[in-house]
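Fold and contact review
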Amino acid sequence: MRKFWALLVREVRGYFHSPIAYIVLVFFLLVTGADFYFQVSFMNQRPASYSVLEAFFNSVFFWFAFVLIFPLITMRLFSEEFKLGTIEPLMTAPVRDLQVVLAKFFGAFVFYIALWIPTLIYFWIFQKITNQPAAGSAGAYWGSYFMLLLLGMFYLSVGCFASVLTRNQIVAAIISFCAITLLFFLGLVQFVLLEVSSGMRDALGYFSAIEHMGTFSRGIIDTRPIVFYLSMTALVLTLTYQAFQSRKWRL
Amino acid sequence: MIKVENLTKRYAGHTAIRDLSFEVGQGEIMGFLGPNGAGKTTTMRILAGFMPATSGRASIAGFDVFEQSLQARSRLGYMPENVPLYSDMRVTEYLDYRAALKGVPHRRVSERVGDVKDLCGLRDVERKLVGALSKGYRQRVGLADALLNEPDLLILDEPTIGLDPNQIRQVRELIKNLGKQHTILLSTHILPEVEMTCSRVIIINKGRIEACDTPDNLLGQIRQAGGVIVEAKTGTDNGAEELRKISGVRDVTVNREDDWEVFRLRVESGLDVREEIFKLAAARHWALRELSQRRATLEDVFVEITHSDQIGLG
């Protein structure tokens, strides 16, 4: 456990020691800030049937920034170690492969959470100034941020997997970007293809991040996406673990 | 301490090492020599648990490096070639991190990190970023890292590569001192270093062990055990032939430098022919300005054993 902790701390520090972290933070806060500003001004012009929180988490801006950050966060995880050769001292220390994989995943997860914390200020400012609630209920906050964690886990695990496949960070970023985009649009296929069976439609619906976020940001907690994202994360991390172990045979 | 049996590693397309077997006993400093691409790094990586062998077995302190990898790795200090380090960490921070990874007990971490910093002369740079260190200091950080968990066995892959002569001397002294408490397997290209530090030497070439013995025995074994250099003004053309007639001389080559001729004699091992040469020169009235014997070095051993692929080096 102590080794895992040491690895995790090193991963998280690694983010804040590199310029990438700050670039991602700035980019992300700019886009989400603009998103928030536009939603509020838009709602100012005419009465709306949804809350600021719902608008914020269901806009094009939000999804644009959301899909882009994962490759940026995860591309360096394994690729950099392969490229710089630091994987050698790392894996000749008495640590387990699984510890390394999990530490890298949770390191990215911690950074991801740190990315979202400042956005809470937006709603706090809104409430201070307007004296109106930014969300329909407290549950809507919990729901949308909880959904962020679930979606984040899944997409981060996909990014981890992409990074373990190559020693080139750019290639890792492109793989994870394509994979995440595909997964993201998989949920929209049901609206495009009309001739799919209802079973297929339901199955595709499980991938619909937009739909899930829509539900959760209204404060409705559905257990199906929870189970889905947790089990998909576990599955992709297992794949990552296997791919990481396979490096020994590919060397 | 190390036991290697029939170790073979095949990469796609070529075999890096074949059928390697050797043992390194407790407290030995074993030198690992070979031309580039001979399989040294591969062998060391397998021993360090970084990659598995294709076939064969290897164990460290009785633990199989593959089956019981964690136990084997925790008894080991490994310094990879070129010492890859996280450049964004500070020296002390890096060593603290490595100590935790290697399972150094929490309350002993600062003591151990302090010790290795003293031992490797890292006090001056302890607060610097690893990325800002010179090659020599990076090398020392790698060595300090390898020593953190007080390992029974140290595996050092080219610990002095890229260092200046002073640093090489410092590292050599360090290794010699470490050899008093640790078993060491080290690879290097700097042969005088091996002669000075190692108790035994393995020479591998093209993935096979060509020789495994003490440096002294190896020196005794080679055919061209030594040579004599004679610089003389003979005034004739048959100086070389005259020299060749001396018993024990196997071969003579001549170079001209202005009026002087430089003869290089290969002599059978254990013979000193300098007196004979002096008598010859005196009898023929040659002017002599150098008459010296060259002791065979490990370099000669190395070149002789690995000669086949050292084209153009003769």
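This one's a predicted model, so the numbers in the text were calculated from it and none came from an experiment.

Rules used in this analysis
- Residues numbered from 1 in each chain as written.
- Chains lettered and ligands numbered in written order.
- Predicted model: local features only at pLDDT ≥ 70, side-chain atom pairs only at ≥ 80, totals over all residues.
- Helix = DSSP H or I, 4+ residues; strand = E, 2+ residues; numbered from the N terminus.
- Buried ≥ 20, exposed ≤ 12 C-beta atoms within 10 Å, placed from the backbone.
- Contact = placed C-beta atoms within 7 Å.
- Domains from an automatic or database assignment.
- Pairing = 2+ DSSP bridges.
- Right-handed = clockwise from strand over helix to strand, strands pointing away.
- pLDDT = per-residue confidence, 0-100.
- Axes fitted to C-alpha atoms, helices over the stretch in contact; angles between N-to-C directions.
- Parallel < 35°, antiparallel > 145°, perpendicular 65-115°, else oblique.
- Left-handed = near helix turned anticlockwise from the far one by under 90°.
- Nonpolar A, V, L, I, M, F, W, Y, C, P; charged D, E, K, R; others polar.

1. Topic: the overall build of chain B
When helices and strands are counted, chain B shows 11 helices and 14 strands. With the principal axes as the frame, chain B shows a C-alpha extent of 80 × 45 × 35 Å. For chain B, the proportion of its 314 residues judged to be buried stands at 42%. In chain B, the share of contacts with a sequence separation of at least 24, taken over all contacts with a separation of at least 6, comes to 67%.

2. Digging into the domain arrangement of chain B
Looking at the assigned domains, one finds that chain B contains domain 1 (2-220) and domain 2 (223-295). Computed from C-alpha coordinates alone, the two centres of domain 1 of chain B and domain 2 of chain B are separated by 44 Å.

3. What to know about the pairing of strand S8 (residues 183-187) of chain B
Residues and elements named next belong to chain B. Along S8, 5 of the 5 residues are buried, which leaves the element largely enclosed by surrounding structure. The side-chain alternation of S8 yields two buried faces, one formed by Thr183, Leu185 and Ser187 and the other by Ile184 and Leu186. Here 4 bridges tie strand S3 (residues 29-33) to S8, and the two strands are oriented parallel to one another. Across the sheet, residue Ile29 finds its bridge partner in S8, namely Ile184. In this fold, strand S7 (residues 153-157) hands off to helix H6 (residues 165-178), which returns the chain to S8; that crossover is right-handed.

4. Considering the environment of Ala16 of chain B
All names here are of chain B. Here Ala16 shows up in strand S2 (residues 14-24). Separated by 23 residues in the primary sequence, Ala16 and Gly39 have C-alpha atoms spaced 5.4 Å apart. Apart from the residues lying within four places of it in its own chain, the contact partners of Ala16 are Lys9, Tyr11, Gly39, Thr42 and Gly207.

5. Focus: the confidence of the model for chain A
Caution is warranted with low-pLDDT regions, since their predicted coordinates should not be read in detail. Mean pLDDT over chain A stands at 89; residues scoring 70 or higher make up 99%. Mean pLDDT values for the elements of chain A range from 74 in helix H11 (residues 189-192) of chain A up to 95 in helix H7 (residues 97-116) of chain A.

6. Topic: the packing of helix H9 (residues 138-164) of chain A against helix H13 (residues 209-216) of chain A
Residues and elements named next belong to chain A. Where H9 contacts H13, the axes come no closer than 8 Å and their chain directions differ by 155 degrees. Considering the angle they form, H9 stands roughly antiparallel to H13. You can see that H9 and H13 cross each other, and the crossing is right-handed. Contacts from Gly143, Ser144, Phe146, Met147 and Leu151 of H9 reach H13 at Ala209, His212, Met213 and Phe216. Across the contact of H9 with H13, the residue classes tally to 6 nonpolar, 3 polar and no charged.

7. Concerning the environment of Ile20 of chain A
Residue and element names in this part refer to chain A. For Ile20, the location among the structural elements is in helix H2 (residues 19-45). Judged by local crowding, Ile20 falls into the partly exposed class, with 15 C-beta atoms found within 10 Å. Separated by 53 residues in the primary sequence, Ile20 and Ile73 place their C-alpha atoms 8.2 Å from one another. Sequence-distant contacts of Ile20, that is, excluding residues within four places in its chain, are made with Leu72 and Arg76.

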